[in-house]
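Here are the chains, one letter per residue:
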Amino acid sequence: MAGGFGGDGVLSERAHQYEYRITGYFIFACIVAALGGSLFGYDLGVSGGVTSMDDFLKEFFPKIYRRKQLHLNETDYCKYDNQILTLFTSSLYFAGLISTFGASHVTRNKGRKASILVGAVSFFIGAVLNAAAKNIAMLIIGRIFLGIGIGFGNQAVPLYLSEMAPAKIRGAVNQLFQLTTCLGILIANLINYGTDKIHPWGWRLSLGLATVPATLMFVGGLFLPETPNSLVEQGRLEEARKVLERVRGTTKVDAEYADLVDASNAARAIKHPFRNLLARKNRPQLVIGALGIPAFQQLTGMNSILFYAPVIFQSLGFGSGAALYSSVITSGALVLAAFISMALVDKFGRRAFFLEAGTEMICCLVAVAITLALKFGQGEVLPKGIGIFLVIVICIFVLAYGRSWGPLGWLVPSELFPLETRSAGQSVVVCVNLLFTALIAQCFLASLCHLQYGIFLLFAGLIMIMSSFIFFLLPETKQVPIEEIYLLFQKHWFWKRIVGDGEQVGPNGKPGAQV
């Protein structure tokens, strides 16, 4: 088939010639790589539980422990407003967002596999330091190593999964990252429930068990193949073809291999990938993938719902087990939603999930805000019927997020970038995501205290803006080969005005004849 160099130097529209079948080798590679999500999920789950354990607070934050004992029965909006513990939590995210730029260099020059291994080692070191911590300094240093591990893992794993997957099932394969993240959260919550009964060192066991997924990821990572895209990018062409044939289960990979080589030729001409992100032809990827989606993912209000659930459950009479029950139910709902998304996202598409789930989330947040405005605050305990209603609404919200902004917040950006800016673009994705995660973690409790139920209306308004952003600016990427995504922007009603109409250009940026 005739093709031509597109805006990023990739030969265009050979996707119908791609062939593949699912092989055991492909499944092994994807499962091992996806363990990177379990690192992120386990830390998300375990850190919140540990910081609520009395033994942990007595050793490192005795003032907070005494305050907690004085306010055991308090149920108003300011109950958990304390910046010290939130700083302990958010320090990991700040470390992660800084480390992701180093991860970009490793991912681009040494490969996706190298970043996965570095992330596993760093996370292992951080888990050991936290489990053995004798003072706050050791805790913070451990959190920094954990953050570095997450920075490397979150940078490399979504890229690895998207590049290894055939176009027709890329959505489901990439969402293995979200699935293992949710499973990590669920397992951590269950472990916290058990270790909370082990006095006075149960919290050390919770933190130390983070070494298990890190070890599995490192040992499995030693046997991982590098992605064909990365091997071509490094100039290892013969090896790239062999890996591509093995993961696709066929020797008929000429069309896909040719697209990879053409993309690599364009990529080699780019000496400054971060600067190239600012080029007009990459403007859609920058605005949608690197900035918009990762920021909006954290502005959905999901963190607020996950935090606020224990208070609602406590009002239902669950008492000291409130945090466990709420965490298990919400993280269980996330796991269920991840399976739903994996099964259906390549059939119905990314836009449909974003927009349909966004509508549900807006309705849920408005319902929560109205209910709390009428029935909650100033020490008033929620009636049981109202509490059950809110629990149902929260579960609906979590299910909606878990099949849309949760997994698609990682999937869609990993699809959008051309090879020459892919590692740099993913670094910006991770950086923006972790920056907003840290800011939300640091500011939410104070915002809840001051805005009260109004914070849920604020998040509902933000989701309306986010949904409009998706509706007008994101083209549908389902089943489109990753090296041909750029063609969507050349045909998009808005972006074609910025990137042009697909004038044929070669890797040197000059007009070139069709091939």
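The preceding data block contains the structure.
Numbering of residues begins from 1 in every chain and follows the order in which that chain's sequence is written. Thresholds applied to this predicted model are a pLDDT of at least 70 for local features of residues and 80 or more for the giving and counting of side-chain atom pairs; totals over whole chains, interfaces and linings are not thresholded and use all residues. Only heavy atoms go into the side-chain values, all of them from the structure, while hydrogens and water stay out.

Caption draft 1: Broad picture of the environment of phenylalanine 472. A run of H or I in DSSP counts as a helix once it spans at least four residues, and a run of E counts as a strand once it spans at least two, with each numbered from the N terminus. Tracing the chain through its elements places phenylalanine 472 in helix H22 (residues 454-473). Separated by 20 residues in sequence, phenylalanine 472 and histidine 492 place their C-alpha atoms 9.7 Å apart. Beyond its immediate chain neighbours, meaning those up to four positions away, phenylalanine 472 contacts His492 and Trp493. In this analysis, two residues are considered to be in contact whenever any of their non-hydrogen atoms come within 4.5 Å of each other.

Caption draft 2: Molecular detail of the packing of aromatic side chains. Only centres within 6.5 Å qualify two rings of Phe, Tyr or Trp (six-membered ring in Trp) as a pair; their planes then separate them into stacked at under 30 degrees, edge-to-face at over 60, and tilted for everything else. Scanning all chains against the criterion turns up eleven aromatic pairs. Measuring from ring centre to ring centre gives 5.3 Å for phenylalanine 296 and phenylalanine 469, while their planes differ by 70°; the resulting arrangement is edge-to-face. Placement of the pair is phenylalanine 296 in helix H15 (residues 283-298) and phenylalanine 469 in helix H22, with a sequence separation of 173 residues. Neither residue differs from the other here; phenylalanine 296 and phenylalanine 469 are each classed as buried. Clustering of aromatic rings is evident, with ring pairs tying together Phe296, Phe354, Trp405 and Phe469. The classification of residues rests on relative accessible area computed with a 1.4 Å probe and restricted to protein chains. Under 20% of the type maximum is buried, over 50% is exposed, and intermediate values are partly exposed.

Caption draft 3: Representation of empty space enclosed by the protein. For each structure, a 1 Å grid was placed over the protein atoms alone; sets of points admitting a 1.4 Å probe that cannot get out are labelled cavities, open sets with protein on both sides within 12 Å along at least five of seven lines are labelled pockets, and lining residues have an atom within 4 Å of a point. Grid points are joined across faces, edges and corners, and a volume is the space filled by probe spheres set on the points. Summed over all chains, the structure comprises two cavities of 30 Å³ or more. For the largest cavity, the calculated volume is near 110 Å³. In terms of lining, the largest cavity is formed by 14 residues, of which the most central are Tyr18, Ala165, Arg248, Glu256 and Ile482. Secondary-structure elements contributing two or more residues to the lining of the largest cavity are helix H6 (136-164) and helix H13 (254-268).

Caption draft 4: Fine view of helix H12 (residues 237-248). By this rule the span expected of a helix is its residue count minus one, scaled by 1.5 Å. For H12, spanning twelve residues, the distance from its first C-alpha to its last is 16 Å, which sits close to the expected 16 Å at 1.5 Å a residue. Listing the buried residues of H12 in full gives Ala240, Val243, Leu244, Val247 and Arg248. The arc that holds every buried residue of H12, seen down its axis, measures 120°, which confines them to one face. Exposed and facing more than 90 degrees away from the buried side of H12 are Glu238, Lys242 and Arg246. A positive backbone phi angle near 70° is found at glycine 249, which sits one or two residues after H12. Throughout, the arc means that of the directions going from the helix axis to the C-beta atoms.

Caption draft 5: Up close: unusual backbone geometry. Looking along the chain, the bond that leaves histidine 199 and enters proline 200 is cis, with omega of 0°. Examined against the element boundaries, proline 200 turns out to sit in the loop between helix H8 (176-195) and helix H9 (202-208).

Caption draft 6: Focus on H15. A rise of 1.5 Å per residue sets the reference length of H15, with its 16 residues, at 22 Å; its end C-alpha atoms lie 22 Å apart and thus fit the reference within 8%. At any given residue, the bend is defined as the angle formed between two axes, one fitted to the seven residues that end at that position and one fitted to the seven that begin there. Along H15, the sharpest change in direction is near 40° and occurs at glycine 292; proline proline 294 comes one to four residues later.

Caption draft 7: A look at the nonpolar core. One finds Phe56, Leu161, Ile288 and Trp405 to be the most contacted residues of the largest nonpolar core, which totals 126 residues. It is helix H1 (residues 24-50) that provides the largest number of residues to this core, a total of twelve residues. All the domain ranges listed were derived from an automatic or database domain assignment. Both of domain 1 (20-224) and domain 2 (272-497) provide at least three residues apiece to this core. Leaving out residues up to four positions away in the same chain, phenylalanine 56 has contacts with Val50, Thr51, Phe61, Phe88, Leu139 and Trp203. Remark: nonpolar core denotes a set of buried residues (Ala, Val, Leu, Ile, Met, Phe, Trp, Tyr, Cys) joined through side-chain atoms within 4.5 Å.

Caption draft 8: Focus on the environment of phenylalanine 94. Mapped onto the fold, phenylalanine 94 is located in helix H4 (residues 83-109). Classification of phenylalanine 94 as partly exposed rests on a relative accessible area of 32%. In this structure the C-alpha to C-alpha distance between phenylalanine 94 and phenylalanine 436, which are 342 residues apart in sequence, comes to 9.7 Å.

Caption draft 9: How the structure looks around the packing of helix H5 (residues 112-131) against H6. Here H5 crosses H6 at 155°, and the two axes come no closer than 7 Å. Between H5 and H6, the interaxial angle falls into the category roughly antiparallel. Every pair of crossing elements has a handedness; the one defined by H5 and H6 is left-handed. When the residues that make up the contact of H5 with H6 are grouped by side-chain class, the tally is 18 nonpolar, seven polar and three charged. Only the contacting stretch of a helix is used when fitting its axis, a line to C-alpha atoms as for every element, and angles between N-to-C directions run 0 to 180 degrees. Oblique is the label for any angle not under 35 degrees, not over 145, and not in the 65 to 115 range, which are roughly parallel, roughly antiparallel and roughly perpendicular in turn. Each crossing gets its handedness from the near helix: less than a right angle anticlockwise from the far helix is left-handed, clockwise is right-handed. Amino acid classes used here: Ala, Val, Leu, Ile, Met, Phe, Trp, Tyr, Cys and Pro are nonpolar; Asp, Glu, Lys and Arg are charged; the rest, including Gly, are polar.

Caption draft 10: Just a nonpolar patch on the surface, in detail. Judged by side-chain polarity, Phe28, Val121, Phe124, Ile125, Val128, Phe218, Val219, Leu222 and Phe223 come together as a nonpolar surface patch covering roughly 740 Å² of accessible area. Per-element accounting of the nonpolar patch gives the leading share, four residues, to H5. By the element assignment, phenylalanine 28 lies in helix H1. Patches here are clusters of residues that have more than 30% relative accessible area and form no salt bridge, with a 9 Å joining cutoff for like charges and a 5 Å cutoff for nonpolar side chains (Val, Leu, Ile, Met, Phe, Trp, Tyr). In these tables, accessible area is a Shrake-Rupley quantity obtained with a 1.4 Å probe, and a residue counts as shielded only by the protein chains included in the view. Salt bridges are identified by distance alone: a Lys or Arg side-chain nitrogen within 4 Å of an Asp or Glu carboxyl oxygen.

Caption draft 11: Broad picture of the environment of leucine 159. Within the secondary structure layout, leucine 159 lies in helix H6. Setting aside residues no more than four positions away along its own chain, leucine 159 makes contact with Thr107, Arg112, Ser414, Arg422, Ser423 and Gln426.

Caption draft 12: View of the pattern of salt bridges. Across all of its chains, the model carries 15 salt bridges by this definition. A salt bridge links glutamate 163 to arginine 422; the shortest N-O distance between them is 2.9 Å. Within this pair, whereas glutamate 163 is found in helix H6, its partner arginine 422 is found in helix H21 (residues 422-451), the two being separated by 259 residues in sequence. Judged by its relative accessible area of 0%, arginine 422 is buried. Where aspartate 346 meets arginine 350, a salt bridge forms, and the shortest distance between an N and an O atom there is 3.0 Å. With respect to class, aspartate 346 is no different from arginine 350; both count as buried.

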